[in-house]
Amino acid sequence: MTQDRRIRKSQQAIKMAFINLLHKYDFNDITVQQITDLADINRGTFYTHYLDKYDLLDKMEDEHVDVVRTFIKESKQSSGGKFSTEDLRHIMEFLIAHIEDNIAFYQLMFKIGTASKLHEKLYGLLTSYLNSFTNTQGDISGIPFSYFMSYVSGAGLSFLRHWVEDDNRIPKEDLIQYFYDIVNNGPATIIQREMNR
């Protein structure tokens, strides 16, 4: 039990040092030595837990993605594997709340550019979720899955990323409502609604 606590403490020190360095330096310029110096641990301790800084970044991203993956899996099980817009709303509500609780991390990951694969991992997660609702022909209502997925996940993640990076971020309740409105009505319907006012 003591050892587990010690391991968690070391890993937390490493992660915090890494995050602090990412706020000051470009990812490519950060060294393991800098991380271990700031975390006040030796290099051997770092390499006990991580292969290098890329592995550290990858594992930190996976921790966040796994939280969302677990929720999606449980949500799908509770709905009996059937899709509904209400399920999608619950997933988005959870994802948005999770991002808000960890907003500094998401801002940092999106800021460091191609070194972070968080965007791609979330895209893959949504693809996997929606893939389970395709028919035997590999499409959704006649639309090839890859095209459908490209639009839905691309737009959804762009929507979320804009919120994360927005200096004048709107309340998450408004974000959820706007997302739900766009999903249910579509951009063309919403634009037409505005023109008919």
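Only a predicted model underlies this, so the values are computations on that prediction, with no experimental measurement involved. (Residues numbered from 1 in each chain as written. Predicted model: local features only at pLDDT ≥ 70, side-chain atom pairs only at ≥ 80, totals over all residues. Heavy atoms only, no water.)

### Description of the overall build of the protein
Within the protein, the regular secondary structure consists of nine helices and two strands. Going from N to C terminus, the protein has its helices and strands arranged as α-α-α-α-α-α-α-β-β-α-α. Overall, the C-alpha framework of the protein stretches about 65 × 40 × 30 Å when taken along its three principal axes. Here the protein, with 197 residues, has 35% of them falling under the buried criterion. Here the contacts in the protein between residues at least 6 apart in sequence split such that 60% fall between residues at least 24 apart. For the protein, the exposed surface amounts to about 12,000 Å²; the carbon and sulfur share of it is 52%. For the protein, the centre of its 22 positive side-chain charges and the centre of its 27 negative side-chain charges are spaced 5 Å apart. (Helix = DSSP H or I, 4+ residues; strand = E, 2+ residues; numbered from the N terminus. Buried < 20%, exposed > 50% of the residue type's maximum accessible area, 1.4 Å probe, protein only. Contact = heavy atoms within 4.5 Å. Areas by Shrake-Rupley, 256 points an atom, 1.4 Å probe, with all protein chains shown as cover. Lys, Arg positive; Asp, Glu negative; His and termini not counted. Charge placed at Lys NZ, Arg CZ, Asp CG, Glu CD.)

### Considerations on the environment of Thr189
By the element assignment, Thr189 lies in helix H9 (residues 172–195). Note: C-alpha distance between Thr189 and Phe46 (143 residues apart in sequence) is 54 Å.

### Describing the nonpolar core
Counting residues in each nonpolar core, the largest one holds 49 residues, and the members touching the most others are Phe18 and Ile35. Put simply, the parts of the chain that give this core at least two residues each are helix H1 (2–24), helix H2 (32–39), helix H4 (53–78), helix H5 (85–101), helix H6 (103–111), helix H7 (118–131), helix H8 (145–165) and H9. (Core = buried A, V, L, I, M, F, W, Y, C linked by side-chain atoms within 4.5 Å.)

### Overview of H4
Across its 26 residues, H4 extends 38 Å between first and last C-alpha, which sits within 8% of the 38 Å expected from 1.5 Å per residue. Among the residues making up H4, those that are buried are Lys53, Asp55, Leu56, Leu57, Met60, Glu61, His64, Val65, Val68, Ile72 and Ser75. At the N-terminal boundary of H4, the capping side chain belongs to Asp52, with an oxygen 3.1 Å from the backbone nitrogen of Tyr54. (Expected span 1.5 Å × (residues − 1). Polar contact = N/O pair within 3.5 Å; in protein donor to acceptor, adjacent residues only side chain to side chain.)

### A short note on the UniProt feature "domain: HTH tetR-type" (unreviewed entry) in the protein
Per the UniProt record, "domain: HTH tetR-type" (unreviewed entry) is found at residues 8–68. In this annotation, residues 8–68 is assigned 79% helix and 0% strand; the end-to-end C-alpha distance for the span is 21 Å. (UniProt positions renumbered as here; feature names shortened; annotations may be inferred.)

### Some thoughts on the packing of H4 against H7
Direction vectors running N to C along H4 and H7 enclose 25 degrees, while the axes themselves pass 10 Å from each other. By the angle between their directions, the pair H4 and H7 is classed as roughly parallel. For H4 against H7, the interelement crossing comes out right-handed. Every residue of H7 that contacts H4 at Asp58, Glu61, Asp62, Val65, Val68, Arg69 and Ile72 is listed here: Leu118, Lys121, Leu122, Leu125 and Tyr129. (Axes fitted to C-alpha atoms, helices over the stretch in contact; angles between N-to-C directions. Parallel < 35°, antiparallel > 145°, perpendicular 65-115°, else oblique. Left-handed = near helix turned anticlockwise from the far one by under 90°.)

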